[in-house]
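# Structural description and commentary
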Amino acid sequence: MTKMRALVEVNQNKINIELDDLAKLIWGIDKNGLWINHAGTTQTLKDEFRLSFSLFPSDLNPEWQNVPLEWKADGLLIQPAKENSKKVAVFTEFETELPFNQKGFYNLVAYLATHLNGKISEDDGNHWEPVAQFRAKHKSIMTADFDQLLSESIKIGSNISPVDEPKYYDLLNE
């Protein structure tokens, strides 16, 4: 499992997408009636970059009920990196992530960077890479079959507990 934390430069905002459509796009799910849990002031990702959202994996695979409760509150979070910053932080609450959420995370970061015309940093702003390089590096997980990743996540999540992201709040003050 991999740390799920990235910064995205904001050079131009061309984002206007409903959260349901964004979830289908980043997780690669084509299901009608998909229910997305979210916290934020809107159902659309447009001008405000303060939101968290997640799937309900139990709606997609009943075996998810066997996964410990700690994993069930997991989501993807987007916040300005700091006040008046030209960077957006994308992260999860856990230091390491289950495979299905890795897919969503990497696709979300790539989506944001593409539509914000920015580069991506996976090391807290020390090095920046273009979207194409990021996509090439994470291609296998970004294009993997969601149902297969969810099955793997059920097996992994049933055997280990999540570890909280130690820099969760620091990301907002980078």
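Now for a look at the structure at hand. (Residues numbered from 1 in each chain as written. Predicted model: local features only at pLDDT ≥ 70, side-chain atom pairs only at ≥ 80, totals over all residues. Heavy atoms only, no water.)

### Quick look at the nonpolar core
- One finds Trp27, Leu45, Phe53 and Leu112 to be the most contacted residues of the largest nonpolar core, which totals 47 residues.
- Among the elements that line this core, the one with the most residues is helix α3 (residues 99-115), at 9 residues.
- With 5 residues, the next largest nonpolar core counts Leu7, Leu77, Ala81 and Ala89 among its residues. (Core = buried A, V, L, I, M, F, W, Y, C linked by side-chain atoms within 4.5 Å. Buried < 20%, exposed > 50% of the residue type's maximum accessible area, 1.4 Å probe, protein only. Helix = DSSP H or I, 4+ residues; strand = E, 2+ residues; numbered from the N terminus.)

### What about the packing of aromatic side chains?
- One pass over the structure, following the stated rule, counts 6 aromatic pairs.
- Relative to Phe134, the ring of Tyr106 lies with its centre 5.8 Å away and its plane at 55°, an arrangement referred to as tilted. Of this pair, Tyr106 sits in helix α3 while Phe134 sits in helix α4 (residues 131-137), and the two are 28 residues apart along the sequence. Residues Tyr106 and Phe134 agree in their burial class; the two are buried. (Phe/Tyr/Trp six-rings, centres within 6.5 Å; stacked < 30°, edge-to-face > 60°.)

### What about the pattern of salt bridges?
- Summed over all chains, the structure comprises 3 salt bridges.
- A salt bridge links Arg5 to Asp124; the nearest nitrogen and oxygen atoms lie 3.0 Å apart. Of this pair, Arg5 sits in strand β1 (residues 5-9) while Asp124 sits in the loop between β8 (120-121) and α4, and the two are 119 residues apart along the sequence.
- Glu122 is the partner of Lys137 in a salt bridge, and the nearest nitrogen-oxygen pair spans 2.6 Å. With Lys137 in helix α4 and Glu122 in the loop between β8 and α4, this residue pair connects regions lying 15 residues apart in the sequence.
- In this structure Lys137 comes out as partly exposed when scored by relative accessible area, which is 48%.
- Overlapping salt bridges bring together Glu122, Glu129 and Lys137 as one network. (Salt bridge = Lys/Arg side-chain N within 4 Å of Asp/Glu carboxyl O.)

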